[in-house]
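Okay, here's what each chain looks like letter by letter:
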Amino acid sequence: MEHDQQNKGDVHPILRTVNLSREVGNKKLVDNISLEVFRGAVMAIVGSSGAGKSSFLRLLNRLDEPTNGTVYLQGADYRTILPRKLRERVGMVMQAPYLFPGSVAENIRFGPRQRGEVLADEQIEQLLDRVGLGGYEDRDTNHLSGGEAQRVSLARTLANSPDVLLLDEPTSALDDVAERSVEELLLQIISEENLTCLIVTHDMAQAARLAKQAVLIDSGRLVRVGAVEEIIHA
Amino acid sequence: MLEQIFNNQIILGAVQAAIAAVLALSFMLLARWQEIHLENETIVALLRGLIQIVLVGSVLVLLLQGPDWTSIFILAAMMVAAATIAARRAQGIPGAFRVSFYGITLGSGTVIILMTGLGVIDYRISSLIPVGSMLIANSMNTNGLALDRFRGEVEAHVGQIEAGLSLGAAPTQVVTPFVRTAVRASMIPRIDSLRSLGIVWIPGLMAGMVLAGSDPIYAAIYQFVVIAMIFASSGLTSLISTLLIRRQAFTAAEQLILRPSQE
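Residues numbered from 1 in each chain as written. Chains lettered and ligands numbered in written order. Predicted model: local features only at pLDDT ≥ 70, side-chain atom pairs only at ≥ 80, totals over all residues.

Observations regarding the overall build of chain B
- Across its full length, chain B carries 12 helices and zero strands.
- In chain B, the succession of helices and strands from N to C terminus is α-α-α-α-α-α-α-α-α-α-α-α.
- Structurally, chain B occupies a C-alpha span of about 70 × 50 × 35 Å along its principal axes.
- Partitioning the contacts of chain B with sequence separation of at least 6, the portion at a separation of at least 24 is 72%. (Helix = DSSP H or I, 4+ residues; strand = E, 2+ residues; numbered from the N terminus. Contact = placed C-beta atoms within 7 Å.)

Focus: the domain arrangement of chain B
- When cut into domains, chain B gives domain 1 (1-63) and domain 2 (67-248).
- For domain 1 of chain B versus domain 2 of chain B, the separation of C-alpha centres amounts to 25 Å. (Domains from an automatic or database assignment.)

Focus: the packing of helix α11 (residues 204-211) of chain B against helix α12 (residues 216-248) of chain B
Residue and element names in this part refer to chain B.
- Direction vectors running N to C along α11 and α12 enclose 155°, while the axes themselves pass 9 Å from each other. With respect to their mutual orientation, α11 and α12 come out roughly antiparallel. In the packing of α11 onto α12, the handedness of the crossing is right-handed. Packed against α11, whose contacting residues are Leu205, Met206, Met209 and Val210, the element α12 presents Pro216, Ala219, Ala220, Tyr222, Gln223 and Val226 at the interface. (Axes fitted to C-alpha atoms, helices over the stretch in contact; angles between N-to-C directions. Parallel < 35°, antiparallel > 145°, perpendicular 65-115°, else oblique. Left-handed = near helix turned anticlockwise from the far one by under 90°.)

Here we look at the sheet that holds strand β6 (residues 90-93) of chain A
All names here are of chain A.
- Reading across from one edge, β6-β7-β8-β3-β9-β10 is the order of the six strands in this open sheet, with mixed pairing throughout. A strand with exactly one partner marks an edge of an open sheet, and here the two such strands are β6 and β10 (221-227). On average, each strand axis in the sheet is inclined to that of its neighbour by 20°, with strand direction left out of account.
- Bridge count for strand β3 (residues 42-46) against strand β8 (residues 196-200) is four bridges, and the pairing is parallel. Directly across from Val42, in β8, lies its bridge partner Cys197.
- In the packing of helix α5 (residues 146-158) onto the sheet, the strands contacted are β6 and β7 (164-168), and the crossing angle to β6 comes to about 170°. (Pairing = 2+ DSSP bridges.)

Description of the environment of Tyr98 of chain A
- Topologically, Tyr98 of chain A is positioned in the loop between β6 and α3 (104-114).
- Residue Tyr98 of chain A is classed as buried on the basis of its 21 C-beta neighbours within 10 Å.
- As a C-alpha pair, Tyr98 of chain A and Ala149 of chain A span 51 residues in sequence and 8.3 Å in three-dimensional space.
- Filtering out sequence-adjacent residues up to four positions away, Tyr98 of chain A remains in contact with Gly159, Gln160 and Ala163 of chain B. (Buried ≥ 20, exposed ≤ 12 C-beta atoms within 10 Å, placed from the backbone.)

Observations concerning the interface of chain A and chain B
- Each side of the interface is counted separately: chain A has 26 residues, and chain B has 16 residues.
- When contributions to the side of chain A that touches chain B are tallied by element, the ones reaching two or more residues are α2 (83-89), β6, α3 and α5 of chain A.
- Here the element with the most residues in the side of chain A that touches chain B is α2 of chain A; it accounts for five residues.
- A breakdown of the residues in the side of chain A that touches chain B according to their chemical character gives 10 nonpolar, seven polar and nine charged. (Nonpolar A, V, L, I, M, F, W, Y, C, P; charged D, E, K, R; others polar.)

Focus on the confidence of the model for chain B
Residue and element names in this part refer to chain B.
- With 98% of its residues at a pLDDT of 70 or more, chain B shows a mean pLDDT of 88.
- Looking over chain B, one finds the lowest element-wise mean pLDDT in α11, namely 76, and the highest in helix α7 (residues 158-166), namely 96.
- With pTM at 0.81, the complex prediction returns an ipTM value of 0.90. (pLDDT = per-residue confidence, 0-100.)

A few points about helix α2 (residues 9-33) of chain B
Residues and elements named next belong to chain B.
- Between its first and last C-alpha, α2 extends 36 Å over 25 residues, near the 36 Å set by a 1.5 Å rise per residue.
- With zero of its 25 residues buried, α2 lies for the most part at the surface.
- Immediately downstream of α2, the backbone of Glu35 shows phi near 60°, a positive value. (Expected span 1.5 Å × (residues − 1).)

Remarks on the packing of helix α5 (residues 96-117) of chain B against α12 of chain B
Residue and element names in this part refer to chain B.
- The contact between α5 and α12 brings their axes to 8 Å, and the two run at 150°. Taken together, the axis directions place α5 and α12 in an arrangement best described as roughly antiparallel. Every pair of crossing elements has a handedness; the one defined by α5 and α12 is right-handed. Within the contact between the two elements, α5 uses Val99, Ser100, Tyr102, Gly103, Ile104, Leu106, Gly107, Ser108, Thr110, Val111 and Met115 and α12 uses Met229, Ala232, Ser233, Ser234, Leu236, Thr237, Ile240, Ser241, Leu244, Ile245 and Gln248.
- Partitioned by chemical class, the residues of the contact of α5 with α12 number 12 nonpolar, 10 polar and no charged.

Re helix α6 (residues 176-193) of chain A
Residue and element names in this part refer to chain A.
- With 18 residues, α6 extends 26 Å from end C-alpha to end C-alpha; this agrees with the ideal 26 Å at 1.5 Å per step.
- Residues of α6 that are buried: Val182, Leu185, Leu186 and Ile190. Viewed end-on, α6 has its buried residues packed into an arc of 130°, placing them on one side of the element. Projecting away from the buried face of α6 at angles above 90 degrees are the exposed residues Asp176, Val177, Ser191 and Glu192.
- Tucked inside the fold, the buried residues of α6 contact β3, α5, β8 and α7 (204-210). (Arc of directions from axis to C-beta.)

Observations regarding the pairing of β3 of chain A
Residue and element names in this part refer to chain A.
- Along β3, five of the five residues are buried, which leaves the element largely enclosed by surrounding structure.
- Along β3, one buried face is formed by Val42, Ala44 and Val46 and the opposite face, lined by Met43 and Ile45, is buried too.
- Bridge count between β3 and strand β9 (residues 213-218): four bridges; the pairing is parallel. Of the residues in β9, the one forming a bridge with Ala44 is Ala214.

A few points about the confidence of the model for chain A
- When pLDDT is averaged across chain A, the result is 90; 96% of the residues are at 70 or more.
- Note on residues 1-8 of chain A: pLDDT under 50 across the span, and 19 contacts to partners over four residues away in sequence or across chains.

Thoughts on the pairing of strand β2 (residues 27-37) of chain A
- Relative to β2 of chain A, strand β1 (residues 15-24) of chain A runs antiparallel, the two being bridged by seven bridges. Pairing of Arg22 of chain A across the sheet is with Val30 of chain A, part of β2 of chain A.

Below, the structure written as structure tokens:
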């Protein structure tokens, strides 16, 4: 498919879906989506509620299994990659932060610890500084605001240094002030680190604020791909 | 009073069973008044329980006169039946019967073999079957409680589990806290049994031994022995079943199967 043409510096897409589909019962949640995402792309996945945006995103880090088609991560069929290794490389921030009980630092250490790495205190400080939560290391996750918890969730995912970052409605559970603050943080991190990022949002204005490109999904099908302004005003 | 009216023990038993069933049904009506509908389940369970125990009683009369080695087959059949019943508590989890069977067989089987070998349980069929059945039945209950709680915990923490998976964690690791909760919760009745032994509860075995003419102190000690064995076999069952069920909650591609509803 001819998508994501703004990032032609890379010959090969970092992420490529081929006829990706997921059917549950008789319902097609994701229907034959083929898409190429190049390194450094920031792509919003938009569409109405129930259009299949989140279902599509969950297939990208294999939280759900495609019933047809597959995903190639840097040219490799992702079914050949151990799922937990794939999920380290294709990180995901969910709609709700789902922090683990304990301290903020313990949450940040969680991902690297899965592969036997212990993050040093300085690395935790750096990660928390990046999400604007310097000094929060020892805070109990039960005592964080919604915005703070989502920032910790982002830092926790970034601690794995993912190749691709998936964001599933990352601000939908937040109030307006927290939403703007998390958006600003995302913009800053995405631009500083040249992250490849796919953001599911039902909010077209947010898509325009965060992404350069957009994918419109309806009834599980890819309707249109292009510059975010084109998609929004189409 | 009833004993004076009914001289025939079978008729006496039938009348006592009818009175007890009315009591159980009155609870059902009380629950119904509170819009808790247990009617079908209660009636079926009462009828089934009565028929089963009378049939088993009749079969036992024959079996207990057989050679001691037949105990092995009777206990094995009880384990299969227990696993079938316990697996119903884990509907929706693939391999629930297999997990329950391994849990109950290994849990109660280990205790039965060990304690019979040590002479704590009399190897004769008349002793081995009743004591063995108590261990198997309690293992079955604990197994059902453990699997039910495990499923409940997993379904209540789908987000947290998938957050862990998304960070590259192994499925068994992300559900470990829920395994611990399930084992702990399933053992509460067994711990309470031990705590309340003799104070609020004089179990049937002890009462039976006393009625049969055993020394009451020995009967009391042996009752403790049985409760402790039940604790051990139930604990072992709970631990084995929940450790085995951890993997069953996920697909081969490490995706969570147990969810309250699909998408």
